[in-house]
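Commentary on secondary and tertiary structure
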Amino acid sequence: MAAQQLTDLRYEVDGPVATITLDRPAALNALTVPLKVSLLEAFREAGRDREIRAVVLTGAGRAFCAGQDLRERLEPGAAQLDVEIRERYNPIVTAMRALPKPIVGAINGVAAGAGASLALACDLRIAARSASFALAFGRVGLIPDSGATWLLPRLVGAALAAEMALAGRSLSADEAERVGLVGRVVDDADLPEASRELAARIAEGSPVALALTKRALQRSLEATWAETLEYEAEAQAVAGRTADHDEGVRAFLERRTPDFRGE
Ligand code: T3D
């Protein structure tokens, strides 16, 4: 991907893993329009590139992302909030959920406001010990957006989500691990390596099975038991027809590591 297309964002590829780094550390990676445009483009690029099988989303410096750039909101010509949400934020979180490749959120510091929403929209999260999660919208007289009111109760439960949304409760990394919002907490210095390793391990899976699994997990949050069983059967039929399934079975019987090619 051409670097000049991206503003305040790094897109780096290492084998089957793309790392997207929000890169405005002086403003705690607060989201401006150019950064939001770049972020959407980066997820689209990860979707287009057949070699990419997993994505890491992280922030440069001491924060993951402090949400909407509040200075930009005061600029003349700033879009109406509903327009900004419909045309910039919602397409980003929708692209993240629709991306047929798992996204690991490497939460390296504070994730606030829409930055917390980005963290929630990842498929799984690993956090640095200094990380924290705060909806923060209430402090500026707004409501949680970018999918946070849908994702947070499903991830941490209705009661804690309400406390975070209504009472401004923030979660430390350790608390986030205890309530299951993050899978693991590591020392700050270990986060880049730990998140790369996690993404690389995911990327060893069959791409078709990964995409179908991501979809099935998402659907299960809205579906009935019967609908879920039916979707699992349909998706399994698709996965079962892939050459990767055949390869996986043969590799097991031949006691070797499978070589999944996404076919
Ligand atoms: O389009 C729309 O508006 C709709 C969408 C809204 C979604 C939202 O995200 S609303 C919520 C917006 N975010 C916030 O309210 C969080 C604001 N930031 C903070 O509360 C604090 O910065 C933190 C708790 C995240 C961290 O505090 P601290 O003490 O570690 O750092 P700091 O000193 O406050 O910030 C460091 C710098 O980053 C500072 O710049 P300076 O003074 O050194 O030049 C600060 O202004 C800047 N910064 C931090 N957050 C933002 C920001 N600049 C612009 N926008 C920010 N959100």
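This one's a predicted model, so the numbers in the text were calculated from it and none came from an experiment. (Residues numbered from 1 in each chain as written. Predicted model: local features only at pLDDT ≥ 70, side-chain atom pairs only at ≥ 80, totals over all residues. Heavy atoms only, no water.)

**Quick notes on the site of the ligand**
Residues in contact with the ligand amount to 22 residues; listed here are only the nearest, Arg-62, Gln-68, Arg-73, Ala-114 and Arg-139. Contact between the ligand and Arg-139: an oxygen atom at 2.4 Å from a side-chain N or O atom of the residue. Going through the elements one at a time, helix H2 (70-73) and helix H3 (81-98) are the ones with two or more residues in the shell around the ligand. When grouped by side-chain class, the residues that make up the shell around the ligand number twelve nonpolar, three polar and seven charged. (Near = heavy atom within 4 Å. Polar contact = N/O pair within 3.5 Å; in protein donor to acceptor, adjacent residues only side chain to side chain. Helix = DSSP H or I, 4+ residues; strand = E, 2+ residues; numbered from the N terminus. Nonpolar A, V, L, I, M, F, W, Y, C, P; charged D, E, K, R; others polar.)

**Remarks on unusual backbone geometry**
Phi at Asp-8 is positive, roughly 55°, even though this residue is not glycine. Taking relative accessible area as the criterion, Asp-8 reaches 31% and is therefore assigned partly exposed. Even without being a glycine, Ser-146 presents a positive backbone phi close to 55°. (Buried < 20%, exposed > 50% of the residue type's maximum accessible area, 1.4 Å probe, protein only.)

**Brief notes about the sheet that holds strand E6 (residues 110-112)**
The strand order E4-E6-E8-E9 describes an open sheet built from four strands, whose pairing is mixed. The strands lining the two open edges of the sheet, one partner per strand, are strand E4 (63-65) and strand E9 (171-172). Bridge count between strand E8 (residues 132-134) and E9: two bridges; the pairing is antiparallel. What sits directly across from Phe-133, in E9, is Leu-171. (Pairing = 2+ DSSP bridges.)

**Focus on helix H1 (residues 33-48)**
With 16 residues, H1 extends 23 Å between its outermost C-alpha atoms, agreeing within 8% with the 22 Å of an ideal straight helix rising 1.5 Å per residue. Among the residues of H1, Leu-35, Lys-36, Ser-38, Leu-39, Leu-40, Glu-41, Ala-42, Phe-43, Glu-45 and Ala-46 are the ones counted as buried. (Expected span 1.5 Å × (residues − 1).)

**Here we look at the pairing of strand E7 (residues 124-128)**
For E7, the tally of buried residues reaches four of five residues, placing the bulk of the element in the interior. With four bridges joining them, strand E5 (residues 103-107) and E7 adopt parallel strand pairing. Residue Ile-107 lies in a different strand from E7, and its bridge partner there is Ala-127. Relative to strand E10 (residues 184-186), E7 runs parallel, the two being bridged by three bridges. Looking at E10, one finds that Ile-126 is bridged to Arg-184.

**Structural notes on the sheet that holds E10**
Working definition: the strands of a sheet are paired by backbone hydrogen bonds and lie parallel or antiparallel to each other. With mixed pairing, six strands are arranged side by side in an open sheet as E1-E2-E3-E5-E7-E10. One side of each edge strand has no neighbouring strand; the edge strands of this open sheet are strand E1 (9-14) and E10. Neighbour-to-neighbour, the strand axes of the sheet open up by a mean angle of 20°, direction not taken into account. Sheet topology note: the E1/strand E2 (residues 17-22) ladder contains six bridges and is antiparallel. Looking at E2, one finds that Tyr-11 is bridged to Ile-20. (Axes fitted to C-alpha atoms, helices over the stretch in contact; angles between N-to-C directions.)

**Some points on the confidence of the model for the chain**
In the predicted model, the chain carries a mean pLDDT of 97, and 98% of its residues have values of at least 70. Averaged over each element, pLDDT in the chain is lowest for H2 (96) and highest for E5 (99). (pLDDT = per-residue confidence, 0-100.)

**Observations regarding the domain arrangement of the chain**
Taken domain by domain, the chain consists of domain 1 (2-203) and domain 2 (207-253). Summed over both sides, the interface of domain 1 with domain 2 buries roughly 820 Å², with 60% coming from carbon and sulfur. At the surface where domain 1 touches domain 2, the tally comes to one salt bridge. In this structure, the salt-bridge partner of Lys-214 is Asp-123, at a minimum N-O distance of 2.9 Å. Connecting domain 1 to domain 2 are five residue pairs in polar contact (both at pLDDT 80 or more). Within the residue set of the side of domain 1 that touches domain 2, elements represented by two or more residues are H3 and helix H5 (148-156). (Domains from an automatic or database assignment. Buried area = accessible area lost by both parts, 1.4 Å probe. Salt bridge = Lys/Arg side-chain N within 4 Å of Asp/Glu carboxyl O.)

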